[in-house]
Structure formats: C-alpha cells, structure tokens
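Chain by chain, the residues:
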Amino acid sequence: MLHPTIDKLRRLRLIGMAKALEEQLARPDSERLSFDERLGILVDREEVDRQNAALAQRLRLARLRQAACLEDIDYRTARGLDRALIRTLSSGQWLQQHNNILILGPTGIGKSWIAPSAPGRPRRLLGTDQRLPRLLDELAMARIDGKYARLLARIAKIRLLILDDWATAKLTVEQRRDLMEVIEDRYQRASTILATQVPIDRWHDMIGDPTYADAIMDRLVHNAYRIELRGESLRRQIGKKSIEDQSTDEKRNANKQLTTLVHDTHTMHSGATADT
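A short tour of the structure in this document, coming up. All values reported here derive from a predicted model rather than from experimental measurement. (Residues numbered from 1 in each chain as written. Predicted model: local features only at pLDDT ≥ 70, side-chain atom pairs only at ≥ 80, totals over all residues. Heavy atoms only, no water.)

### Some thoughts on the nonpolar core
Phase 1: Core analysis: the biggest nonpolar cluster contains 34 residues, and Leu139, Trp166, Leu179, Trp203 and Ile216 have the highest contact counts within it.
Phase 2: Looking at this core, the elements with two or more residues in it are strand 1 (100-104), helix 7 (132-145), helix 8 (148-156), strand 3 (160-164), helix 9 (173-186), helix 10 (203-207) and helix 11 (210-220).
Phase 3: Filtering out sequence-adjacent residues up to four positions away, leucine 179 remains in contact with Leu132, Leu136, Trp166, Leu171 and Ile216.
Phase 4: Counting residues in each nonpolar core, the second largest holds 16 residues, with Leu81, Leu85, Leu95 and Ile101 among its members. (Core = buried A, V, L, I, M, F, W, Y, C linked by side-chain atoms within 4.5 Å. Buried < 20%, exposed > 50% of the residue type's maximum accessible area, 1.4 Å probe, protein only. Helix = DSSP H or I, 4+ residues; strand = E, 2+ residues; numbered from the N terminus. Contact = heavy atoms within 4.5 Å.)

### Quick look at helix 8
Phase 1: Where helix 8 is concerned, the buried positions are Tyr148, Leu151, Leu152 and Ile155. Down the axis of helix 8, the buried side of the element spans an arc of 100°, and every buried residue falls inside it. Along helix 8, exposed side chains directed more than 90 degrees from the buried face belong to Ala149 and Arg150.
Phase 2: Taken together, the buried residues of helix 8 touch helix 7, strand 3 and helix 9. (Arc of directions from axis to C-beta.)

### Some points on empty space enclosed by the protein
Phase 1: Counted by the stated rule, this structure contains two cavities of 30 Å³ or more.
Phase 2: Of the pockets and cavities examined, the largest cavity occupies roughly 60 Å³.
Phase 3: What lines the largest cavity is His98, Asn100, Ile183, Arg186, Tyr187, Gln188, Ala190, Thr192, Arg219, Leu220 and Asn223.
Phase 4: Residue assignment for the lining of the largest cavity shows that the elements contributing at least two residues are helix 9 and helix 11. (1 Å grid on protein atoms, 1.4 Å probe; cavity = no way out; pocket = protein on both sides within 12 Å on 5 of 7 lines; lining within 4 Å. Points joined across faces, edges and corners; volume = space filled by probe spheres on them.)

Okay, structure coming up:
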C-alpha cells in the first residue's frame, strides 16, 4: 500500500524518511503508535541522516591526514610541549579572534599530529588540512583551468586552514603571489595553523622577495601562538622499538626452536638406548 509513497520520498531525496517508513512497515508493533509519533520518528530519522551526510562531506573536504583530537596529545614524551599554552588555546579564543598557531620543530616530532587536533577547535569545525606545496600546485592548475578566483574564494571561507610543510622549499614568483593572495584574503577573517621544521628566521629566505616576505609574515606571525617542539623524532623512537620488539620475538622463537631440537634429540637418544 505504501510502496508508492516510499518511492516518492526517495525521489524527493528524503532517504531517511523512506528508510524509517520501511522499518515501521516491517514492525507490526509500530501500529500502536499515534500518527504524530510515527511522523516524528520519520522526521527525526531524516534529520539524523542529513547530519551524518553533512559530517561525512566535511570530512572529505577537510582531507585530514590524522584523526587526532586534543585528548590524544602525548605529554609523556619529552619534546617541550607546554601544557599551560595548550590549556590557553583550549578555550578557543584564538579561533574567535582569528589568530593563528605556528607549530615548529624537527621532523618526526609530531607536528602533523598536533595540528589537526587544533586545541580549542570545536568538534563540528573540522578545518582543512593540506601540504603547502600541494595547495600551491592546485592554485597553479586553477589558473590554467580558469578557476583561480573560485578556488581563492573557497580557501578564504575556510574557518581553519592547516598548512603542513610550510617554507620547506623556495617559492617561485608565481607561488609568492598566490600565497600572498591566500594569506591576505584570510587575514583577520579566519585562522591558520602552520606546521614546519624550518625556523621562523629562515622564512624570509624561503619566501624570496623581501617585500612579499614582510607582508606575508606580518599577517601570519604577529597574531600567532607558537608551539615549539624539540627532541628526538617520534618516528625514530617508534622504529627503534619496533626493531627491538622484532629482535626480541626472533630471539624468543630461536630459543623455542633450540628447546624443541634439544628435546627431540634427547627423545631420539632415549629411544635408541631403550632399543639397545
């Protein structure tokens, strides 16, 4: 009876309501509910499905490489992580005031893990995580395709832009101009997190032109909080532990094989003696 209605709901893209109606038809006890209750269930299901779809879309657009959150930050490893600063940032004021965060430190120290956790970032605000070289490549391609202005407008609207591998290579003339456009559009309108192993005093050289370097850094550095990390690479530590664990397992297996061999030899010897 209600199959045409379900088809119409699907054509109207009310997929959640269609699914909920199918579930109600499959459950005889749903007939005990009033019309208002059954309608409310359909509407609630549609709302939840749309919220989930929107979240999935934001996750795809965010392109987050790490599924990190503030609670996952490791303070046990000695790398100079300032708990007081993280507590200050956790209030979220820096986002409301359109300030920035600079995460500095050697390679493998965990910058790319801390950046997506964004202390103080509301869970609904995912932001966009991207390597600077790739962003500059996308801007160059957009210029060729005639989509340059549209891409700049989209980047300007991102409330939290996370740029990894900042200033790791010298910029070309075109890249400097593109970067200036991005930073200028976002200045005092949105927040940016930069993660890099390059010290700030070398950014001028990597940007290249002194005028552009001054303008870009003035808009990024002077209204930014700094998280400066130090210590041994976490990747190296994890690698060492993995090798040590593997070595331990190999030794354990070798000991087991030796024990088995000794046992088998002893058994064979005992059997030969008994036969004699």
